[in-house]
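Summary of the model geometry
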Amino acid sequence: MSLLFRIAFRNILRNRRRSAMTSSAVAAGALAMLLFGGFTSYIFAGLETNNVQRIGHLTVFRAGYFLFGAGNPAAYGIDHYRDVLTLIGTDPVLKPMINVLTPTQSLVGIAGNFSDEVDASKTFLGVGLIPSDRDRMRQWDQFQIGAARPPDPLLSDRDETRGVMGFGLARILGLCARLGLADCPPLPEAERPANKIVAAVDPDIAGLAQRDVEVGAASGAPQIQLLAATAGGAPNVVSLAVSGAEPQGVKELDDNYVAMHLALAQQLVYGRGEHKVTAIELQLHRSQDLPAARARLVSLFGEHHLDLDVRDFGELTPFYGQVVRLFSAIFLFIALVMGVIVLFAVVNTMTMNVMERTNEIGTIRAMGVRRGGIRRQFILEGALIGAIGATLGALLAIAIALLVNRAGLTWVPPGNASPSPLYLYVLGRPGRAIGAWLGLVLVATFAALIPANRAARLPVVDALRHV
Amino acid sequence: MPETDRAAAVRLTEVTKTYRTGAIEVAALRGISFDIPPHSFSMVVGPSGSGKTTLLNLVGCIDAPTTGTVEVCGEKIGELEDNALTDFRARNVGFVFQGFSLVPVLSAYENVEYPLLLIGVPAAQRRERTLAMLDAVGLKDQSRQRPNELSGGQKQRVAIARALVKEPTLVLADEPTANLDTETGAAIIELMHRVQTRFHTTFVFSTHDPQLMSHADETFVIRDGRLVEHKAGAVQ
């Protein structure tokens, strides 16, 4: 076996230029695949991190909420959610996996800014959360891509009246100047109170709003009123002190998003009734634990006869799956193109090698090397050319990735509003890197099979006669 | 029928070999029968195109006759499958080619060692036999050199060492002195004669070289694919 390797290796060195060119083609293939693979791995890691920071790995809903709850979140509240939190949080299987366990309340309603200068209202999609839990969730950075975010000063556990909204919603409600937002134009004249025909407002609702305006005015932050139907169907209003506006990646969300303290959201949705939540989010320490945690939750709810449903972040954000599939398809396409290039390069080189060494093939066949031995010899040479090229390409890809990762480049990922650091995550998913390396070596080996078979089938006498 | 005894190293019986090139058939051998006695220094001689090389290919088990039988060391080679025939060659037949045909990426030592690897000789024995054979052909000091670093005579010595190292029953040499000057050719003939005496190997040569032909124990003259003369000793 060692002689086989020796001969193969020396034959590669025998035609240095040809071998170098072929190995370069393989190296280029490896480089392209690993760099693009590194880029996609980073995108996947970034998207996953973003989702996990935002909604955790798993979300527990009341059964039916996932399909129908968006239209009326209040109707799908989880009863006795504190008991459910305790059940999950103290479970010996789940406890070591969980990083953050937190309840949230989704709601829909109308947000209005009825100040002296502005009279604007807009439907909103709101979420009530526990600010400190949200801050901890935003620290999650399993893939170490520098995505951990500092605590958000705009929301606080201690001030239940504070909230943040989407940049677009702030613009629509005429809060640009009050919030000091850059690149945020004021409302057009037609939207100003003096120019609007105002419909008669129910005196009770107006009274509630007026009370909240007076309470909020004392805090100094701009106040808006949130109107929603309670779980019982009655209208309810709360006042929200807007701490700031955060751009959201998608315009529809940016124009509708409001985040507030869980207690305020519950007050708006449940009033004086039993306070529930629409979801319990679980953020795990490691994404690898997701299937196990999900299975345990399902089993736990079954054991306790709880009518709850568990969904992972991939199901809740189809965009994630779409991006993964898109980039995976592009990666596959690049891999196929590179594979074909490597295939032809190696076939060409090995065919020339067979032609040049026909007499040598005849000699060693005459000496007693079987057809299989000839076949193995050329296949091994193809595999070695592939391995050398793929290794060079991999080393080059790692070097380029190191340079890019240290260059401090940024980009705005799809669905995001703010720039993120650009990394090439070449070694982030070793399975993919090893797969690309192995794939190219296999293609080179397979490519050598065709000329190797030709060499093996040569009649000894004809091979010896070859000049 | 062959006239010699049953222990012949090679026995050819009514052997024909026809090559087909498109629609044209060329008869290279036309019903040849003879025995090559063991431990002999036999020559197959004849003009170019007479069928010498074809005959050697058949005797060397690297080609099959169109009709007739070829027995080498008592084995009917036409009855062996390709792998069995290859293994048979590996054990029993050594080749010395006109153009040396050494493996260019292997050193002199590795070229000589190669046949021993093919028949599975253990490493220690391999080393011992390879060095002994290189010593026998006077190339012990050149063992690390590659073929392109050796002279024509040295290459042919390596080729002879490679053919003999496995101690085969039969060594076939196709014009072994054709690419060598007279002096080197003489030295190579002397070397082969010496090792033939020492290892009791049967040598079969195809040659035009009168110098080599003068050493023959048996001479077979071929012309137009037919055996026209068989003589003990050299043909004048």
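This is a predicted model, so every value here is computed, not measured. (Residues numbered from 1 in each chain as written. Chains lettered and ligands numbered in written order. Predicted model: local features only at pLDDT ≥ 70, side-chain atom pairs only at ≥ 80, totals over all residues.)

When helices and strands are tallied, chain A shows 17 helices and 11 strands. Taking the principal axes of the C-alpha coordinates as reference, chain A spans close to 110 × 55 × 30 Å. For chain A, the proportion of its 467 residues judged to be buried stands at 44%. Contacts in chain A between residues far apart in sequence, at least 24 positions, make up 80% of those at least 6 positions apart. (Helix = DSSP H or I, 4+ residues; strand = E, 2+ residues; numbered from the N terminus. Buried ≥ 20, exposed ≤ 12 C-beta atoms within 10 Å, placed from the backbone. Contact = placed C-beta atoms within 7 Å.)

This part is about the domain arrangement of chain A. Residue and element names in this part refer to chain A. Considered domain by domain, chain A is made up of domain 1 (2-48 + 321-465) and domain 2 (64-306). Averaged C-alpha coordinates put domain 1 and domain 2 at centres separated by 52 Å. Taken together, the contacts link 11 residues of domain 1 with 9 residues of domain 2. With 4 residues, the top contributor of residues to the side of domain 1 that touches domain 2 is helix α2 (residues 16-55). The class makeup of the residues in the side of domain 1 that touches domain 2 is 5 nonpolar, 5 polar and 1 charged. (Domains from an automatic or database assignment. Nonpolar A, V, L, I, M, F, W, Y, C, P; charged D, E, K, R; others polar.)

A few words now on the sheet that holds strand β9 (residues 218-223) of chain B. Residues and elements named next belong to chain B. Taken in spatial order, the 6 strands make up an open sheet running β6-β7-β8-β3-β9-β10, and their pairing is mixed. Each of the sheet's edge strands pairs with one partner strand only, and the pair in question is β6 (93-96) and β10 (226-232). The mean inter-strand angle of the sheet, taken between neighbouring strand axes irrespective of direction, is 15°. Against the sheet, helix α5 (residues 152-164) makes contact with β6 and β7 (170-174), and its axis sits at roughly 175° relative to β6, the strand it touches most. (Pairing = 2+ DSSP bridges. Axes fitted to C-alpha atoms, helices over the stretch in contact; angles between N-to-C directions.)

Counting 130 residues, the largest nonpolar core has A:Ala30, A:Leu34, A:Val342, A:Ala444, B:Ala161 and B:Val204 as the members making the most contacts within it. For this core, the element with the highest residue contribution is α2(A), accounting for 15 residues. Look past the residues within four positions of B:Ala161 in its chain and what remains in contact with it is B:Val112, B:Met133, B:Leu134, B:Ala136, B:Val137 and B:Leu139. Of all hydrophobic cores here, the second largest spans 37 residues; its members include A:Leu107, A:Val237, A:Ala245 and A:Val269. (Core = buried A, V, L, I, M, F, W, Y, C linked by C-beta atoms within 7 Å.)

All names here are of chain B. Across 5 bridges, the pairing between strand β1 (residues 10-21) and strand β4 (residues 67-72) is antiparallel. Within the sheet, the bridge partner assigned to Thr13 lies in β4 and is Thr69. Two elements, β4 and strand β5 (residues 75-76), share 2 bridges in a ladder whose sense is antiparallel. Within β5, the residue paired with Val72 across the bridge is Glu75. Connecting β4 to the antiparallel partner β5 that follows it, the hairpin turn spans 2 residues, and Cys73 within it adopts a positive phi of roughly 55°.

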